[in-house]
Amino acid sequence: MKHFITFLKNRLRSVFAIIFWLIVWEIISLLIGREIYLPSPIHTAKVLIELAADFTFWLSILMSVFRVILGFMISCFLGIIIGIVCGLNRFFYELFNPLVVAVKSTPVMSIIIIALLWFESDNVAIFVCFLMCFPIIWTNVVQGIWQVDENLLQMAQVYKVKELLVIRYIYMPSLMPYLAAGITTALGLGWKVTVASEVLSSPKYSIGGHLYNAKVYLQSPQLFAWTGVVILLSFGFEHVFKYAVENINKNKLLKDV
Amino acid sequence: MPIEVRHLTKHYGELKVFEDFCIAFEEGKITALLGPSGCGKTTLLNIISGLEPYNAGSISGLDSKSFSYIFQEDRLMPWSTVEQNIRFVLRGRYTDTEIGKITEQYLKMVGLEQYGHYYPRQLSGGMKQRAAIARAFAYPGDILLMDEPFKGLDEELKTGLVQSFISLWQKDKRTAIMVTHDREEAQRIADDIYILAGKPLGIEEKIVGNGKKC
């Protein structure tokens, strides 16, 4: 009961904060008085409801979600595997580090434009999402591997535990907090770069495409409505992944030890 | 075949821990190493177990030998239960059924049969040490290395564990090397006792055939 009351209180505080900022938005919108610069939250909500009545709205969201998930999953898969190899082996770390540093330092726009040359418009966002998320996952995995308790590794060495078991039962649980942090950061970035890529590559069904059209036709309420959709999806994804990663039952990882 | 350390030299930068150090451990006997803190006893165990390199010298009698090691710290995986920690070192050596039986047997030996599903953070320091002892005894190492194995345990428990250890040891008489500060404990357990001191480390006294088993 006590926990439930605390939970309710926290929820109420969050709701209050959201309402507060919506009111601020409304006031600023009224002060400016021109919808083209800043539409009111009520008008934006109305437009959002109108958009939601159209099948294309949902298809566009679905396709953008697909691109984010695919790009993100590829970066997770490769980031974890290559990160583990680089964390364990200095040679591979030295080999991959310049590449990762180069990708990190390259402006997103350059990557999107290069990707436009290489890929069809449907795949540009997937590639850019992968390329931008990969360094974050990779860096966190490498850091996680380096932070593994040396005492546990010595214990495994003395008891001649096989390398694969050491990776699974010592390295993997140790790097989980680093991986969780990396996934959360990468996912937020993944949304931003995917939508940015869609704006420039304009695939048929995409949130970015709608953002681009709204900008071209000066439809500010639509622009804000679609931006709101991106924020909500990014927020939702981040929370779902955070919850999933934090709640991975470590016993499940170890059930057959 | 005894373990013979010959002319061992080990430096940490300017600090000479061992310089032309020689010592021998009889096969099938328990040897205790007594000496002040920081004199190099743990380093010697680590060198013998292959965890630490050395600058010069040789060690014989270790060919294809495996070790059970009770470290000074418990070195339990914090995300695994006590039972899983023991099972971890037995995997690939026994079948699952055998692993289950062995784990149960050694948890019982150290009085932790009710705590197999507990995580290390849920246990006291002494209980964690007992779990580490169970892991070392459960593992079929040819040589048993013990770095202050009974440290932090109350007298009653310590007596019980020492007795369990002696009866277990009687079964297969593994070569055992034990580091301790406790002269009485060494006299209760060990066949041979080396009293070590100095920097670089040297043997101050050797008591052979101590023979006082509990």
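This one's a predicted model, so the numbers in the text were calculated from it and none came from an experiment.

Trainee: Now, about the overall build of chain A: what can you tell me, with residues and values included?
Mentor: Looking only at helices and strands, chain A has 11 helices and zero strands in total. Beginning at the N terminus, the succession of helices and strands in chain A can be written as α-α-α-α-α-α-α-α-α-α-α. Taken over the C-alpha atoms alone, chain A extends approximately 75 × 60 × 30 Å along its principal axes. By residue count, 41% of the 257 residues in chain A fall in the buried class. Once local pairs closer than 6 in sequence are excluded, the contacts in chain A between residues at least 24 apart make up 74%. On chain A, roughly 14,800 Å² of surface is accessible, and the fraction owed to carbon and sulfur atoms is 70%. Taken as two groups, the 19 positive and 14 negative side-chain charges of chain A have centres that lie 7 Å from each other.

Trainee: Please set out the interface of chain A and chain B residue by residue, giving values where relevant.
Mentor: Across the boundary between the two partners, chain A contributes 21 residues, which contact 27 residues of chain B. In this assembly, chain A packs against chain B so that about 2,200 Å² is buried in total across both faces, 61% of it on carbon and sulfur atoms. For the pair chain A and chain B, the interface holds zero salt bridges. Taken together, the links from chain A to chain B amount to seven residue pairs in polar contact (both at pLDDT 80 or more). Looking at the side of chain A that touches chain B, the elements that each hand over two or more residues are α7 (150–158), α8 (163–201) and α11 (250–254) of chain A. At seven residues, α7(A) tops the list of elements feeding residues into the side of chain A that touches chain B. Considering only residue class, the side of chain A that touches chain B consists of 12 nonpolar, five polar and four charged.

Trainee: Outline helix α9 (residues 207–216) of chain A, supporting the account with residue identities and numerical values.
Mentor: Residues and elements named next belong to chain A. Taken residue by residue, α9 has I207, G208, G209, L211 and A214 as its buried positions. The N-cap residue of α9 is S206: its side-chain oxygen and the backbone nitrogen of G209 are 2.9 Å apart. One or two positions beyond α9, positive phi appears at L218, with a value near 50 degrees.

Trainee: Please provide a residue-by-residue account of a nonpolar patch on the surface, values included.
Mentor: Residues and elements named next belong to chain A. The grouping of F77, I81, V85, F91, F92 and L95 at the surface amounts to a nonpolar patch, some 590 Å² of accessible area in total. Mapped by element, the contributors of at least two residues to the nonpolar patch are α3 (55–88) and α4 (90–105). Its place among the elements puts I81 in helix α3. For I81, a relative accessible area of 45% corresponds to the partly exposed category.

Trainee: Can you tell me about the side chain of T43(B), naming the residues and giving the values?
Mentor: Residue and element names in this part refer to chain B. If you trace the backbone, T43 turns up in helix α1 (residues 41–49). Take T43: its relative accessible area is 12%, and that puts it in the buried class. Apart from residues lying up to four places away in sequence, T43 is in contact with K10, Y12, F18 and E52.

Trainee: I'd love a proper account of the packing of α4(A) against helix α6 (residues 121–146) of chain A, names of residues and values included.
Mentor: Residue and element names in this part refer to chain A. Contact geometry for α4 and α6: axes closest at 10 Å, N-to-C directions at 145 degrees. Judged by the twist between their axes, the crossing of α4 over α6 is left-handed. Counted together, R90, Y93, F96, N97, V100, V103 and K104 of α4 and L131, F134, P135, W138, T139, V142 and W146 of α6 form the full contact between these two elements. Here the contact of α4 with α6 is composed, by residue class, of 10 nonpolar, two polar and two charged.

Trainee: Got a sec to walk through the nonpolar core? Specific residues and values, please.
Mentor: Where a protein is soluble and globular, its nonpolar side chains tend to be buried together. Core analysis: the biggest nonpolar cluster contains 137 residues, and I170(A), F88(B) and F165(B) have the highest contact counts within it. The element contributing the most residues to this core is α8(A), with 16 residues.

Trainee: Can you break down the pattern of salt bridges residue by residue, with the values?
Mentor: All told, the structure shown has nine salt bridges over all chains when counted by the stated rule. Residue R67(A) is joined to E198(A) by a salt bridge in which the shortest nitrogen-to-oxygen separation is 2.9 Å. Residue R67(A) is found in helix α3, and its partner E198(A) is found in helix α8; the two are separated by 131 residues along the sequence. The pair R67(A) / E198(A) is uniform in exposure class, with both members buried. Across the salt bridge formed by R6(B) and E4(B), the nearest N and O atoms sit 2.4 Å from each other. Owing to a relative accessible area of 35%, R6(B) belongs among the partly exposed residues under this scheme. One network of salt bridges, in which partners are shared, links R67(A), D122(A) and E198(A).

Trainee: A description of unusual backbone geometry should follow, citing residues and the corresponding values.
Mentor: Here the phi dihedral of K160(A) falls at roughly 50 degrees; this positive angle occurs in a residue that is not glycine. The class for K160(A) is partly exposed, based on a relative accessible area of 45%.

Trainee: Give me the packing of aromatic side chains: which residues, what numbers.
Mentor: Summed over all chains, the structure comprises 20 aromatic pairs over all chains. Members of the aromatic cluster, connected to one another through ring pairs, are W118(A), F119(A), F127(A), F130(A) and F134(A). Above the plane of the ring of F71(B) lies R75(B), whose end atom (NZ or CZ) is 4.0 Å from the centre. Directly above the ring of Y119(B) sits R121(B), whose terminal nitrogen or CZ lies 4.9 Å from the centroid.

About the criteria used
- Residues numbered from 1 in each chain as written.
- Chains lettered and ligands numbered in written order.
- Predicted model: local features only at pLDDT ≥ 70, side-chain atom pairs only at ≥ 80, totals over all residues.
- Heavy atoms only, no water.
- Helix = DSSP H or I, 4+ residues; strand = E, 2+ residues; numbered from the N terminus.
- Buried < 20%, exposed > 50% of the residue type's maximum accessible area, 1.4 Å probe, protein only.
- Contact = heavy atoms within 4.5 Å.
- Areas by Shrake-Rupley, 256 points an atom, 1.4 Å probe, with all protein chains shown as cover.
- Lys, Arg positive; Asp, Glu negative; His and termini not counted.
- Charge placed at Lys NZ, Arg CZ, Asp CG, Glu CD.
- Buried area = accessible area lost by both parts, 1.4 Å probe.
- Salt bridge = Lys/Arg side-chain N within 4 Å of Asp/Glu carboxyl O.
- Polar contact = N/O pair within 3.5 Å; in protein donor to acceptor, adjacent residues only side chain to side chain.
- Nonpolar A, V, L, I, M, F, W, Y, C, P; charged D, E, K, R; others polar.
- Patch = residues over 30% accessible without salt bridge, like charges linked within 9 Å, V, L, I, M, F, W, Y side chains within 5 Å.
- Axes fitted to C-alpha atoms, helices over the stretch in contact; angles between N-to-C directions.
- Left-handed = near helix turned anticlockwise from the far one by under 90°.
- Core = buried A, V, L, I, M, F, W, Y, C linked by side-chain atoms within 4.5 Å.
- Phe/Tyr/Trp six-rings, centres within 6.5 Å; stacked < 30°, edge-to-face > 60°.
- Lys NZ or Arg CZ within 6 Å of the ring centre and 35° of its normal.

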